[in-house]
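Residue strings, one per chain:
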Amino acid sequence: MTTAGQLDCNTAVNGNSGCGVTAPTANSYGPTFNANGGGWYAVERTNSAISVWFWPRNGSPPSDVSSGASSGTPTAYFPNTSCDIASHFDANNIIINLTFCGDWAGNVYSSSGCPSTCVDYVNNNPSAFVNAYFDFASLMVYT
């Protein structure tokens, strides 16, 4: 079962924490995700909900997913209960990046006990990030 994190997705009222969830599997991100060889994510956005599914690499998505259909209980589910999805979401852009010193990390780095600033550390220690990369077998978009 997925555990909801912050229930108010408005970044202006929750310190930009968004709407996080805790996935029921430990291999959906980070070192365990990498050690498992990755996995599959699927996102479906409709006017009634935004849903996210995850399947680990050692499994496989249901066959109907390759045709663009949703399948099973989503890992994350954001229903259109207090947010009119159609009025807040429009055409999307897919952005894939590694934001080492973004909103969250950039703000907490100074209290981490690590030297210098986040940007200086990233710029001067490239070997610390040799395992920080994306490796996509495919990226499919269904409309």
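The following refers to the structure shown. Note on numbering: residues in each chain are counted from 1, in written sequence order. With pLDDT at 70 or above as the cut-off, local features in this predicted model cover only qualifying residues; side-chain atom pairs require 80 or more to be listed or tallied, and sums for whole chains, interfaces and linings still use all residues. As a rule here, side-chain values come from all non-hydrogen atoms in the structure, and water together with hydrogens is ignored.

A short note on the overall build of the chain
A tally of helices and strands in the chain yields four helices and five strands. Each helix is a run of H or I in the DSSP string that is no shorter than four residues. Each strand is a run of E no shorter than two, and both are numbered from the N terminus. Listed N to C, the secondary structure of the chain is β-β-α-β-β-β-α-α-α in terms of helices and strands. Partly exposed describes any residue whose relative accessible area lies between the buried limit of under 20% and the exposed limit of over 50%, with all areas from a 1.4 Å probe on protein chains only and scaled to the type maximum. Split into buried and exposed, the 143 residues of the chain put 18% on the buried side. Throughout, a contact is declared for two residues whenever any of their heavy atoms are within 4.5 Å. Sequence separation of 24 or more characterises 38% of the internal contacts of the chain that already satisfy a separation of 6 or more. In short, Shrake-Rupley with a 1.4 Å probe defines the accessible areas, and a residue's cover is counted only from the protein chains shown. Surface accessibility of the chain: about 10400 Å² in total, with carbon and sulfur atoms responsible for 54%.

A word on the pairing of strand E3 (residues 39–45)
Across seven bridges, the pairing between E3 and strand E4 (residues 49–56) is antiparallel. In the sheet register, Glu44 faces E4, and the bridge partner there is Ser51. At least two bridges found by DSSP between two strands are what make those strands a pair. Taking the residues that link successive antiparallel strands as the turn, the E3-E4 hairpin has three residues.

As for the packing of aromatic side chains
A pair of Phe, Tyr and Trp rings is counted when the ring centres sit within 6.5 Å of each other, with Trp represented by its six-membered ring. The angle between the planes then sorts it: under 30 degrees is stacked, over 60 is edge-to-face, the rest tilted. Counting across every chain of the model gives seven aromatic pairs. Between the aromatic rings of Phe33 and Phe54, the centroid separation amounts to 6.1 Å while the plane-to-plane angle is 45 degrees, which identifies the pairing as tilted. Of the two residues, Phe33 is situated in helix H1 (residues 30–35) and Phe54 in strand E4; the sequence distance between them amounts to 21 residues. Centre to centre, the rings of Phe100 and Phe129 are 4.4 Å apart; their planes meet at 45 degrees, and the pair counts as tilted. Taken together, the residues span a long stretch of sequence, with Phe100 in the loop between helix H2 (85–88) and helix H3 (103–108) and Phe129 in the segment after helix H4 (118–124) at a distance of 29 residues.

Overview of the state of the cysteines
Here, the word disulfide means a covalent bond between the sulfur atoms of two cysteines. Put simply, a disulfide is two cysteine sulfurs that come within 2.5 Å. In this structure the tally under the stated criterion is one disulfide. Bridging Cys101 to Cys118, the disulfide has an S-S length of 2.0 Å. Judged by the sign of its S-S torsion, about -90 degrees, the bond between Cys101 and Cys118 is left-handed. With Cys101 in the loop between H2 and H3 and Cys118 in helix H4, this residue pair connects regions lying 17 residues apart in the sequence. Judged by relative accessible area, which is 25%, Cys101 ranks as partly exposed. Cysteine Cys114 remains unbridged, with the sulfur of Cys118 as its closest cysteine sulfur at 9.0 Å. By relative accessible area, Cys114 is classed as partly exposed at 39%.

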